[in-house]
Each structure stands twice: as C-alpha cells, then as structure tokens.
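Tertiary structure, described
The residues making up each chain are set out below.
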Amino acid sequence: MIKKCLFPAAGYGTRFLPATKATPKEMLPVLTKPLIQYGVEEALEAGITTMAIVTGRGKRAIEDHFDISYELEHQIKGTSKEPLLNEIRDLITKCTFSYTRQLEMKGLGHAILTGETLIGSEPFAVILADDLCTPPVTPDPNPESSLPNNQYTNTPITENSKGILTQMIEVFEKYQCSVVAIEEVPMNQTHKYGIIAGNLVDNSDDTYRVTDMVEKPDPKDAPTNMAIIGRYILTPDIFDILRNTKPGKGGEIQITDALLEQAKNGKVIAYKFKGKRFDCGSVDGFVEATNYFYNQSKG
Ligand code: G1P
C-alpha cells in the first residue's frame, strides 16, 4: 500500500523567468489550476492522502495554496464565485500536507533524500509536478453506467481513465520493487532525460526489468530512447543508497544513479504508462498542455 507522495518542489524554474522570480514554478497555472494541484489530484486519485512537499526559499505560496484563506472565503461566501473554490477545498479536506525545505540545490536525488524525514521507511510515490500527466481519456462527468466510483475522487473508474500513478501502483503491487514511468522520445532528445535499458517482462503490461540507466546521455551514448518521466514509486532502501551516491551529471546527486544500484539487483521496473504527458518545465510543453486542457474543458 502506497500512502505517501513526495513532491520535490525546490527548483528555481529558470526557464520561466521572469514569471518564476517571485512565484514558484509549481504554482504556474494551466487554465485555472496550478501545476502542483494537478499532481496532488493525481496522487489522491491513486488513493494517496499524505502529501510530502520538499520546498525551498521563495516557495511559501505552495503552502498557502493548500490551506484555507479565511479572508477570501469571507469575501466570496454566497456569491457566484464560491464554487470556484470547491475543488481545492475538497483536496484540503481529504489530504494532509507536510513540508520540509531543501537548503541547497544539489539535484533531484538530494531533494528526495531531504524528503526522508516526511516519508520514513515505507515505499512511496514521487511526482515531479512539471511533468503534467493525464489518463488516455478524461472521465465522463455524467456517466450513465453503473461503473464503481473512485472512493477518493468520486469519478467512475474505467481502464482508460486511470491516472498514471494509479497504473504505477498496480505495477508496484505486482513486482514489489521500485517503478519508473517511461515513454519513448526522439533519439535527439535523450540528453533531457534519464534513459533506461531493460528486458520486457510482460508484453501486455509494457513493463521492463531495468538493466541500465543513464542520466541525460548524449544520443550517441544513450542505450535506448526510453525516457524516465517525472513519476516514480520508490522502495525506502533508496534513502541509504542516496546517502552514498556521489554527485553525477551536472555535479548533482541524481536519482537515476541511485536507482541504477537497485536495478543491478533486478529491483527496478520501467513501465510504459498509458496516457499523455506534457513537459510543463518548458514553454512549448506548457503551451501544449494549456491548449489540450482548454479544448478538453470546451468538450
Ligand atoms: C529529472 C530526472 C530525469 C528525468 C526527468 C523527468 O530531470 O533527473 O532523469 O528524466 O526529471 O522529467 P529534470 O527534468 O529535473 O532535469
């Protein structure tokens, strides 16, 4: 059972300057919701209610977002605007949020290790909020079928409406080891991602037993074009491995390097998820996500 989700959210978001000068990049909105809220909703849909957020200086807006704003509540009570707060109110009621600060930016692996104090010694999920993921099909808000509803989100569960994290937890339950989400990228993009190599273990599932992992290789050094996207299920031994992981690519402590240690023992599964993923850490991906969600909202 995965009960906690870690959100590394201390990065500077330099690709969005000046927007991210005083606003955390995780708070940039796609339509009316900040990126991190999409991530929290995805975790909740997967049955996770404990959100652990690794923040840094200048990120207090994230804490304020997942809290009650009494002044605002008072101002809009009884007006036509009040329903606009329903979704976030619902999240705040169903989830708990805890925070710790990463004092120095020493890489994603270091951010995850900083979160150990919030996670403890149990398997946990990781969401990188700037990878915005959606299931293959958005759930029908007015289903006329008798499908069971997700107890957390009250939306009907269909094979096509399962969130990425829900899919990954099913994989974790089967293999009981760390799981990374992957997608194929053009070969000339490998330098932007952790890249895996592995052996197909289950054709129907698109799951691979990982044999190698490299952080952001040049295309000529990339073992494949299968790229890790910002969703992980990690077993807690990762913390001890991270404590001993030397700085890698870019002089940073890389989660990819720590995962390679687990992979050497056959303990990492890569899962080709079903759905769409937008790289909202880039302006192009952000615009694409905005257009996609806008079109979805118009039906
Ligand atoms: C991080 C990881 C990388 C992974 C990527 C997914 O890189 O280090 O392995 O492929 O997230 O978004 P970042 O995008 O933070 O540079």
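Residues numbered from 1 in each chain as written. Predicted model: local features only at pLDDT ≥ 70, side-chain atom pairs only at ≥ 80, totals over all residues. Heavy atoms only, no water.

Overview of the site of the ligand
Within the structure, the ligand sits among 13 residues, and Asp131, Gly194, Glu215, Lys216 and Ile228 are positioned closest to it. Between Lys216 and the ligand, the recorded distance is 2.6 Å, taken from a side-chain N or O atom to an oxygen atom. Within the backbone of Ile228, a nitrogen or oxygen atom sits 2.6 Å from an oxygen atom of the ligand. Against a free-state accessible area of 380 Å², the protein chains account for coverage of 76% of the ligand. In terms of residue count, strand β11 (residues 226-234) provides more of the shell around the ligand than any other element does, four residues in total. Class assignment of the residues belonging to the shell around the ligand gives a composition of six nonpolar, four polar and three charged. (Near = heavy atom within 4 Å. Polar contact = N/O pair within 3.5 Å; in protein donor to acceptor, adjacent residues only side chain to side chain. Areas by Shrake-Rupley, 256 points an atom, 1.4 Å probe, with all protein chains shown as cover. Helix = DSSP H or I, 4+ residues; strand = E, 2+ residues; numbered from the N terminus. Nonpolar A, V, L, I, M, F, W, Y, C, P; charged D, E, K, R; others polar.)

Focus: the pairing of β11
Taking burial as the measure, the nine residues of β11 include nine buried ones, the bulk of the element. Looking at chain direction, strand β6 (residues 124-127) and β11 are connected through four bridges and run antiparallel. In the strand pairing of β11, Ala125 is matched with Ile233. Where strand β9 (residues 194-202) lies against β11, two bridges are found, and the strand directions are antiparallel. Residue pairing across strands places Ile195 opposite Ala227, the latter belonging to β11. (Buried < 20%, exposed > 50% of the residue type's maximum accessible area, 1.4 Å probe, protein only. Pairing = 2+ DSSP bridges.)

Structural notes on the packing of aromatic side chains
Per the stated rule, a full pass over the model turns up seven aromatic pairs. Here Phe124 and Phe239 contribute two aromatic rings whose centre-to-centre distance is 5.2 Å and whose plane-to-plane angle is 0°, an arrangement assigned as stacked. Here Phe124, found in strand β6, pairs with Phe239, found in helix α8 (residues 238-243); they are 115 residues apart in sequence, far enough to count as distant. The exposure class assigned to Phe124 is buried, which follows from its relative accessible area of 0%. Aromatic ring contacts, followed pair by pair, group Tyr38, Phe278, Tyr292 and Phe293 into a single cluster. (Phe/Tyr/Trp six-rings, centres within 6.5 Å; stacked < 30°, edge-to-face > 60°.)

Topic: the pattern of salt bridges
Summed over all chains, the structure comprises 21 salt bridges. For Arg89, the salt bridge goes to Glu73, with nearest N and O atoms at 2.6 Å. Taken together, the residues span a long stretch of sequence, with Arg89 in helix α4 (residues 86-94) and Glu73 in helix α3 (residues 70-76) at a distance of 16 residues. Since its relative accessible area comes to 24%, Arg89 is described here as partly exposed. The salt bridge partner of Asp221 is Lys220, with a shortest N-O separation of 3.4 Å. (Salt bridge = Lys/Arg side-chain N within 4 Å of Asp/Glu carboxyl O.)

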